[in-house]
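# Residue-level structure breakdown
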Amino acid sequence: MPKIHLTTVIHAPIEIVFDLSRSITLHEKSMAQTNEKAVRGTLSGLINKGETVTWQAKRLYKTRKLTVQVTQMSPYTFFTDEMLEGDFKSMKHHHYFKPIKNGTIMIDEFYFESPYGFIGRLANHIFLTRYMKTLLEGRNNVIKEYAETHRWKTVLQQAGAVR
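Reference entry: report on the structure contained in this document. (Residues numbered from 1 in each chain as written. Predicted model: local features only at pLDDT ≥ 70, side-chain atom pairs only at ≥ 80, totals over all residues. Heavy atoms only, no water.)

## Some details on the nonpolar core
Val 17, Leu 20, Phe 112 and Met 132 are the most contacted members of the largest nonpolar core, which totals 39 residues. In contact with Leu 20, not counting residues within four places along its chain, are Leu 26, Ile 143, Tyr 146, Ala 147, Trp 152, Val 155 and Leu 156. (Core = buried A, V, L, I, M, F, W, Y, C linked by side-chain atoms within 4.5 Å. Buried < 20%, exposed > 50% of the residue type's maximum accessible area, 1.4 Å probe, protein only. Contact = heavy atoms within 4.5 Å.)

## A few points about helix H1 (residues 14-22)
Summarising burial for H1: eight of the nine residues are buried, a large majority. Among the residues of H1, those classed as buried are Ile 14, Ile 16, Val 17, Phe 18, Asp 19, Leu 20, Ser 21 and Arg 22. (Helix = DSSP H or I, 4+ residues; strand = E, 2+ residues; numbered from the N terminus.)

## Remarks on the packing of helix H3 (residues 117-147) against helix H4 (residues 151-158)
Where H3 contacts H4, the two axes come as close as 6 Å, and the packing angle between them is 100 degrees. Relative to H4, H3 is oriented roughly perpendicular. Every residue of H4 that contacts H3 at Glu 145, Tyr 146 and Ala 147 is listed here: Arg 151, Trp 152 and Val 155. Residue composition of the contact of H3 with H4, grouped by class: four nonpolar, no polar and two charged. (Axes fitted to C-alpha atoms, helices over the stretch in contact; angles between N-to-C directions. Parallel < 35°, antiparallel > 145°, perpendicular 65-115°, else oblique. Nonpolar A, V, L, I, M, F, W, Y, C, P; charged D, E, K, R; others polar.)

## Thoughts on unusual backbone geometry
The backbone phi angle of Asn 35 is positive, close to 55 degrees, even though this residue is not glycine. Relative to the elements of secondary structure, Asn 35 occurs in the loop between helix H2 (24-30) and strand S2 (37-41). At Tyr 76, a residue that is not glycine, the phi angle is positive and equals roughly 70 degrees. Along the chain, Tyr 76 falls in the loop between strand S4 (62-74) and strand S5 (78-85). Tyr 76 sits in the partly exposed class, given a relative accessible area of 32%.

Next comes the structure, spelled out in structure tokens:
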């Protein structure tokens, strides 16, 4: 099972980084290149433990849907979302947040398993792991950009998480 591990240093308070990471609106902005939209479940605001969201996007030449549920959450420390339905055999994404002197360290651990046995493992090796890592890095860059500027205010005020 492939594992993608990313560490991102963000010069912003942990509460802002944590909430931006749960924002449906910011997720959509970070995935604009695939026109990803929330189409079922939590459609706006901040997703919370027990809630689900179904994302629809154009990926790898096909419109795809992925339904995830936030299965674990400890505010400002971590949360986990897991696939309920989608093209993967399984998918789990752990999000960790650690305060540091000048901001926050955000750590992603993303695990996925492709279907189709050997063919799926070959696809992981050839392109899918790199593709998923690039998507996650892009998402993290958008979180960083919003958190380190005053742009976070518009997203979190819209979500009702006024700071």
